[in-house]
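Below, each chain spelled out in residue letters.
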Amino acid sequence: MTENAEQDLRFKIDTDLCVGHGRCYTLASQWFDADDIGYGEVKDLVIGADQRAAAEDVAAACPEGAITLTLS
């Protein structure tokens, strides 16, 4: 947790929506990995409030809208 834990975020991927474009792990390998067949997987990391804008950009880049940010 960071200093502002009440504002910490985590990514979530809706596996029903994800079709494996790979933009998440291409744009933000610090937050995402690829599974064995190319679908995104969220790394178990907390995103601090200071990284919120970048995290929102990554979530918005998903063409299927499968990535969301949730409070941790």
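Quick note: structure is the one above.
Residues take numbers from 1 onward in each chain, read along the sequence in its written order. Totals for whole chains, interfaces and linings use every residue, but because this is a predicted model, local features are given only for residues with pLDDT of at least 70 and side-chain atom pairs only at 80 or more, for both listing and counting. Each side-chain value is derived from all of the structure's non-hydrogen atoms; neither hydrogens nor water enter the calculation.

(A) Fine view of the pattern of salt bridges. The rule for a salt bridge is simple: a side-chain nitrogen of Lys or Arg has to be within 4 Å of a carboxyl oxygen of Asp or Glu. Scanning the entire structure with this criterion turns up three salt bridges. Residue R10 is joined to D44 by a salt bridge in which the shortest nitrogen-to-oxygen separation is 2.9 Å. Of this pair, R10 sits in strand β1 (residues 9–13) while D44 sits in the loop between β3 (40–42) and α2 (52–61), placing them 34 residues apart in sequence. Accessible area is worked out with a 1.4 Å probe on protein chains only. A residue is then buried under 20% of its type maximum, exposed over 50%, and partly exposed in between. Overall, the relative accessible area of 68% leaves D44 in the exposed class. In DSSP terms, a helix is any run of H or I states spanning at least four residues, a strand is any run of E spanning at least two, and both are numbered starting from the N terminus.

(B) Local environment of empty space enclosed by the protein. As defined here, a cavity is a set of points on a 1 Å grid over the protein atoms alone where a 1.4 Å probe fits but cannot get out. A pocket is an open set with protein on both sides within 12 Å along at least five of seven lines, and residues line them when an atom is within 4 Å of a point. Grid points are joined across faces, edges and corners, and a volume is the space filled by probe spheres set on the points. A full pass over the atoms with the stated rule returns one cavity of 30 Å³ or more. Its boundaries defined by the atoms lining it, the largest cavity holds a volume of some 110 Å³. In terms of lining residues, the largest cavity is bounded by 16 residues, among which C18, H21, G22, C24 and C62 are the most central.

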